[in-house]
Amino acid sequence: MAQQIGMHKQACKLINPAEASVLNNFRCAQGAEYRHGGRRGCLEGTRIAVLDEVELWTRDFDKPPVYWLNGLAGTGKSTIAQTIAERIFADGRLGASFFCSRDFEDRRNLHFIFPTLAVQLARRYTEFRSIFVPLVQSDPAIAHESLYNQMRKLIVEPLEESAISTVIVIDALDECKDVEPASAILSVLGQCVSEIPKVKFFLTGRPEPRIREGFQLPLLGQATDVFVLHEVKSSRVDSDIRLLLRHNFSEIADRRGVLDGWPTEEQLNLLCERAAGLFVYAVATVQFIDHKNNDPKEQLDRLLRSPESSACVGKTKLKTNTTLDSLYMSILQEAFGNDDPEDDHKTRSVLGAVILATNPLSPSMITTLLGFSAKDVFLRLSSIHSLLTLQEDIDQPVRSFHKSFPDFIVDPARCINQRFLVSPPNHHMELLFGCLNLMNQTLEKNMCKLQGAVTNSEVPDLHERTDRYIDSALQYACKSWHKHFVDEHTVRTPKITSTLHRFLENKFLFWLEVLSVLGATREAVDALDLVTKLSEAPPTVELANDCFRFVTGFFQVIDESALHIYHSALPVSPQMSMVRKLYGPYANPLTRIVHGLPVSWDPAIVTMGYFCEAAAWSPCGRFIAISNGGLRTEIVDAATLKRLAVLGFPEGRTQKLVFSPDARLLMSYNAKPGKFISWNLQTGALVNAISPEQWDDNPWCSSITYSACGTMFGVLIYRSLGTGSFTIRTYSVHSSTHVYSHSVEGRVVGDIWTHGGCLRFATTKSGSITTWEVGFASRNPPTEIESLPLPDNSPHDLCPRSFHPTLSRLAFTHSRRIFVWDTQRSKFLLNEYVQWANWISFSSDGRFFMYRSRSSHIYLWKESPTGYILHRKLDCEIGIPNQLISPNGESIFAFGPGAIQLWRTMDRTVSLSHKPTDERFIVELSPDGALAAVARFEDKTITVLDLESGDPLSIIDAGMKVYGQRVTGSIVAAVGREKVVTWNLPARDRVLNTKANVNYSVRTATPLISCLGMGFPEFVSISPNLHSFAIVESIDYYSHLHDVPTGQYLGSVSTGGQRPWFSSDGHEGWYITSDGEANMLAIVRNSESGVIKLERLEPTGQPLHMPHWLSPRGYQITDDGWILGSSGKRLLWLPPHWRSLDMEARTWSGRFLVLLHGTLPEAVILELEE
């Protein structure tokens, strides 16, 4: 062992500083390796058979590459895993290990396993490191990819290329949080293990359903050996337990001076009988007897005098002779039974902090959060040291030594002594108050003492700074306070309400800072969402909602940079935002916003430019799948629209997206070339792509549903030509084959759905609505389940639009009215006039009903005792025509070819109605940078702004739609459809009112004859001197040059439909192609003849538009919205609603930047300074 440790240290010494930096900063779990955590291996002479078998398996490469040590709780799996890791490390064959634990966030998170193993392999093997380090340097975000991509890129490919032979140990896989029916890690392992035959995987885990299912997957089952610990002969296990007890008692006797002959054989027999095969009982017994303040013989006598009982571990009854409950009760009684009952609340509080904390707390953290003395806390914990993992260092985390103890202490049926019973609601509230109180007392601005305008990833010692300046108790409080909300009563307690309000009012931004540097910004979304839903105090709800809008609106920048909370998020927050009013003095903008700062929050939570043609909510409501024009399918966070995963296979345009009922699979239907594509969302792997048989008559795939187990799916096909008939088709996911087809009579209403093991759908015909059922793999025709009547005298031409299968509610339209009919109770729940309705749907629980009108209003109705009542009216953008309601009805996702939007329908403080803008802005700045002219196309006005103050100087009624304009120190010129008009500006006094106080005079009105008959000009530019030239871009994609004073046509050149611009001296023009290339035009006047013509110059190749806009001073806009200075300094992050696919970004003198697009209520003018 010593030799191998020396070799390991030597390998680490060979790591150069650059490699060490990559490995140290790569995202992985802390304390997961077998050498950490103070874990003990098996006592020598115990578990010999299983240890020998496993060790033989590690050396025999003819045996399967995977080994599963299967055992119930308390049977010693982790101890065996520890011993195996120690042994194969000693002979140099251990590559990496990961000991999962539900007590630690990173060690119960599946997405930390492969990155952590990869870092250990890189430290262990030079060949692996030479592949791994360049990979991470080129793709730092790889640790955040899907499990499948992690396994393939971080583990399989480097191992395959380096041809390393090694063993990897993963313990307690059942303690990881996993929503998959079959373990996601095991699913990925099954797909990849055959590619690395020189690598062995040793895994342990309880036989929970998802673990069993994972090892039964076809690819993994045949590659796995299994050893079942709880099926080992009881005599062999009892012998090992007896040996463990005898060894430990012997050590106690030697150390404590106990007389020989202790314990007696009778006592050992009784202890072995009570242990009933559970090593956890034996270990707890030894720890209890070895209490430093008590006599071991008396401790053993007390324990054996305690009554036996039948015990349950978790929800699983183990063996009738097991007495864990009586053991636990004896230990508690011995520790606290003689205490003053008045102090029992402290005991319960300390125990509650240990078992209810979302991450293990240290004694010092418990002291800080509960306000008890450190001595008192440590004394109480040390009194029950046999039930805990407790160290002498009070800064080290304490946790229950086995998961059966927390189950016992909160169950009144098991913990029958009320003095020790922990009530989760009460003690969660204690921890909540402690967290809020600590944050109120200690949070302050820039706690990590960061400098500059950097992102968090650009701070090389960020981890060291967070540990140095933010103590562990405060880190816990910031990340976990909201997780101690257990019901609405908690947040409505006056003590909690006042403390919470004070926190939001004084410490909110500092809290966001801490979450940002800890990489936990998403916790803020969940926390504030809970407060807004549960609180009933209007001031607190209003403030919490404004904070929620701040976080969701600026999530990306908060997540990436703690400092840019003050440099970007706060400066661009709305003028009326409560966060801005409370924290405005802390703003530190690096870019001045001259014009366009919004007055209030936009009704949509998030708006961003995106081409989206299909979308689907996950059944849990936390994720949305979106398809980007057939290029890719993405999974985004349903609260922030942050991209979480990208799914490949960019083939054809996506027509439909659908999740499986358990959200394990996602399917897209790509109409051309006609493929059903399935992904495993937990692993990110492509399951298959099914190309169905040729469909005739231009069919439309109107609905898809997976079977409950995800092995089959059904499709509803509507043929728009001929008879307009419906067909149900079913397919096998794994075999990629068509199973059966069923013709449907009548009109199918809404979507098909899964019920039990069958597919269901509803049809309307002859005054009734009928529910049908058919098996996914059945050749029999659909069976009628239920037929219910439609309203009396219902017209034959009613148009059924949506059906809620659980509640049997039908939505239909007729004669410009929309109806919701309750078929069970034969009554109308809604009867409303509507000129036109589309996107009609119910929420999953039926509480909400939604449709969109022709005027782009979304009407959201909420269930009431008398029917549906109007809950919200939303005014969506005209260019975002599609909407989906979340499963719980609390959010709406709108999407279209230009943008995506997220709406929060339960917002109680912000009006969701607003007038969608279709305004077109034209902005020009004067050559000296003193003035800006903002023309509103539809409004026919021109506002002249003082750029120093941002105040309006003049508001001109142009009397025409303005296609182009120019402003100097004293003159404004504008181009309409058929004329150019100029105005003399008044003195630069601020104009408080609009047209009534504006004094302007028409200087000239020159017709542009060449524009007539050519359609409307699309873009216009005027030379800076106002008198020489104008280039008018018409719909024929040509730029036409005119002399302004005379209107004379001077020449034309094709510019591909792009806007042309003039140079500052008016002698050159340029335009930008759609791929970002700048093309130059020379405007040449013949000195003798006076003839003016255009000559094309060589392109500069300089990209001048989003996403990579450059200015003469070197400023640029990145594709993720950052404005960078010439030195690369991050000056400002542009929020999503300031960006768009059709955004136009322009600069003047390298100093002012103007942002324009169709959904902005105002043109945005920024002054850039470094």
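Residues numbered from 1 in each chain as written. Predicted model: local features only at pLDDT ≥ 70, side-chain atom pairs only at ≥ 80, totals over all residues. Heavy atoms only, no water.

With respect to the sheet that holds strand β14 (residues 633-637)
(1) Moving on: Read from one edge to the other, the open sheet built from four strands follows the order β12-β13-β14-β15, with strand pairing classed as antiparallel. A strand with exactly one partner marks an edge of an open sheet, and here the two such strands are β12 (614-617) and β15 (643-647). Taking the axes of each pair of neighbouring strands and ignoring which way they run, one obtains an average angle of 20 degrees across the sheet.
(2) Moving on: Looking at chain direction, β12 and strand β13 (residues 623-627) are connected through four bridges and run antiparallel. Residue pairing across strands places A614 opposite S627, the latter belonging to β13. (Pairing = 2+ DSSP bridges. Helix = DSSP H or I, 4+ residues; strand = E, 2+ residues; numbered from the N terminus. Axes fitted to C-alpha atoms, helices over the stretch in contact; angles between N-to-C directions.)

Comments concerning the pattern of salt bridges
(1) Moving on: Under the counting rule described, the total for this entry stands at 32 salt bridges.
(2) Moving on: Two residues, E265 and R242, come together in a salt bridge whose shortest N-O distance is 3.2 Å. Of this pair, E265 sits in helix α12 (residues 265-275) while R242 is found in helix α11 (residues 234-256), placing the two residues 23 residues apart along the sequence.
(3) Moving on: Of the residues examined, R242 reaches a relative accessible area of 24% and is grouped as partly exposed.
(4) Moving on: Here D376 and K346 are joined by a salt bridge, their closest N and O atoms 3.7 Å apart. One end of the pair, D376, is in helix α18 (residues 374-383); the other, K346, is in helix α16 (residues 344-356), and 30 residues separate them in sequence.
(5) Moving on: Its relative accessible area of 24% is what places K346 among the partly exposed residues.
(6) Moving on: Through salt bridges with shared partners, one network takes in E55, R59, R87, D91 and R93. (Salt bridge = Lys/Arg side-chain N within 4 Å of Asp/Glu carboxyl O. Buried < 20%, exposed > 50% of the residue type's maximum accessible area, 1.4 Å probe, protein only.)

Looking at the packing of helix α13 (residues 279-289) against helix α14 (residues 296-305)
(1) Moving on: Look at α13 against α14: their axes get within 8 Å of each other, and the N-to-C directions meet at 135 degrees. Judged on the interaxial angle alone, α14 and α13 are oblique. Mapping the contact onto sequence places T285, F288 and I289 in α13 and P296, Q299, L300 and L303 in α14. (Parallel < 35°, antiparallel > 145°, perpendicular 65-115°, else oblique. Contact = heavy atoms within 4.5 Å.)

Regarding the pairing of β14
(1) Moving on: Burial runs high along β14: five of the five residues are buried.
(2) Moving on: With burial as the criterion, each face of β14 is covered, one bearing T633, I635 and D637 and the other bearing E634 and V636.
(3) Moving on: The pairing of β14 with β15 spans four bridges and is classified as antiparallel. Looking at the pairing, V636 lines up with R643 of β15.

Thoughts on the pairing of strand β33 (residues 848-853)
(1) Moving on: In terms of burial, β33 is a largely internal element, six of the six residues being buried.
(2) Moving on: In β33, alternate side chains face the same way, and those of F848, M850 and R852 on one face and F849, Y851 and S853 on the other are all buried.
(3) Moving on: Here four bridges tie strand β32 (residues 837-842) to β33, and the two strands are oriented antiparallel to one another. Its bridge partner being in β33, S841 is matched across the sheet by M850.
(4) Moving on: Linking β32 to β33, which pair antiparallel, is a turn of five residues; within it G846 sits at a positive phi near 80 degrees.
(5) Moving on: In terms of strand pairing, β33 meets strand β34 (residues 857-864) through five bridges, oriented antiparallel. Within β34, the position partnered with F848 by the bridge is K862.

Side note on the packing of aromatic side chains
(1) Moving on: Counted under the stated rule, the structure contains 38 aromatic pairs.
(2) Moving on: Here the aromatic rings of Y67 and F202 are separated by 5.8 Å at their centres, their planes lie at 35 degrees, and the arrangement is tilted. Of the two residues, Y67 sits in strand β1 (residues 66-70) while F202 sits in strand β4 (residues 199-205), which places them 135 residues apart along the sequence. Here Y67 matches F202 in class, with each residue buried.
(3) Moving on: With centroids separated by 6.3 Å and ring planes inclined at 40 degrees, the aromatic side chains of Y583 and Y586 adopt a geometry described as tilted.
(4) Moving on: By relative accessible area, which is 2% here, Y583 ends up buried.
(5) Moving on: Given the relative accessible area of 32%, Y586 is considered partly exposed.
(6) Moving on: If you follow K445 out to its NZ or CZ, it ends over the ring of Y566, 4.3 Å from the centre.
(7) Moving on: We note K449 situated over the ring of Y469; from NZ or CZ to the ring centre the distance is 5.3 Å. (Phe/Tyr/Trp six-rings, centres within 6.5 Å; stacked < 30°, edge-to-face > 60°. Lys NZ or Arg CZ within 6 Å of the ring centre and 35° of its normal.)

With respect to the sheet that holds strand β27 (residues 783-789)
In a beta sheet, neighbouring strands pair by backbone hydrogen bonds and run either parallel or antiparallel.
(1) Moving on: In space, the four strands of this open sheet follow the order β24-β25-β26-β27, with antiparallel pairing throughout. Edge strands, defined here as strands with exactly one partner in the open sheet, are β24 (747-755) and β27. Strand after strand, the sheet turns through a mean of 20 degrees between neighbouring axes, direction not considered.
(2) Moving on: Strand direction decides the pairing type here: β24 and strand β25 (residues 758-765), joined by six bridges, are antiparallel. Paired with T754 across the strands is L759, a residue of β25.

Some words on the environment of L117
(1) Moving on: Topologically, L117 is positioned in helix α5 (residues 113-124).
(2) Moving on: Residues in contact with L117, not counting those within four places in the same chain, are A96, S97, F98, I155, I168 and I170.

Quick notes on helix α24 (residues 494-506)
(1) Moving on: Compared with an ideal rise of 1.5 Å per residue, which puts 13 residues at 18 Å, α24 spans 18 Å between its outermost C-alpha atoms and is within 8% of the ideal.
(2) Moving on: Buried residues along α24 sit in contact with α20 (424-442), α23 (488-492), α25 (508-517), α26 (522-534), α27 (538-553) and α30 (578-583). (Expected span 1.5 Å × (residues − 1).)

So, helix α17 (residues 363-370)
(1) Moving on: Here α17 lies mainly inside the structure; seven of its eight residues are buried.
(2) Moving on: Those residues of α17 that fall on the buried side of the exposure criterion are P363, S364, M365, I366, T367, L369 and L370.
(3) Moving on: Tucked into the core, α17 has its buried residues touching α16, α18, α20 and α22 (472-480).
(4) Moving on: Residue G371 follows α17 closely and has a positive phi angle near 75 degrees.

Here we look at the side chain of T499
(1) Moving on: Following the sequence through the fold, T499 ends up in helix α24.
(2) Moving on: Excluding residues that lie within four positions of it along the chain, T499 makes contacts with F433, L436, N437 and N440.

What about the environment of F713?
(1) Moving on: Along the chain, F713 falls in strand β21 (residues 712-719).
(2) Moving on: Linking F713 and F676, residues 37 residues apart in sequence, is a C-alpha distance of 9.9 Å.
(3) Moving on: In this view, F713 contacts M667, F676, I690, I704, T705, Y706, S707, R729, T730, Y731, V733 and F776; residues no more than four positions away in its chain are not counted.

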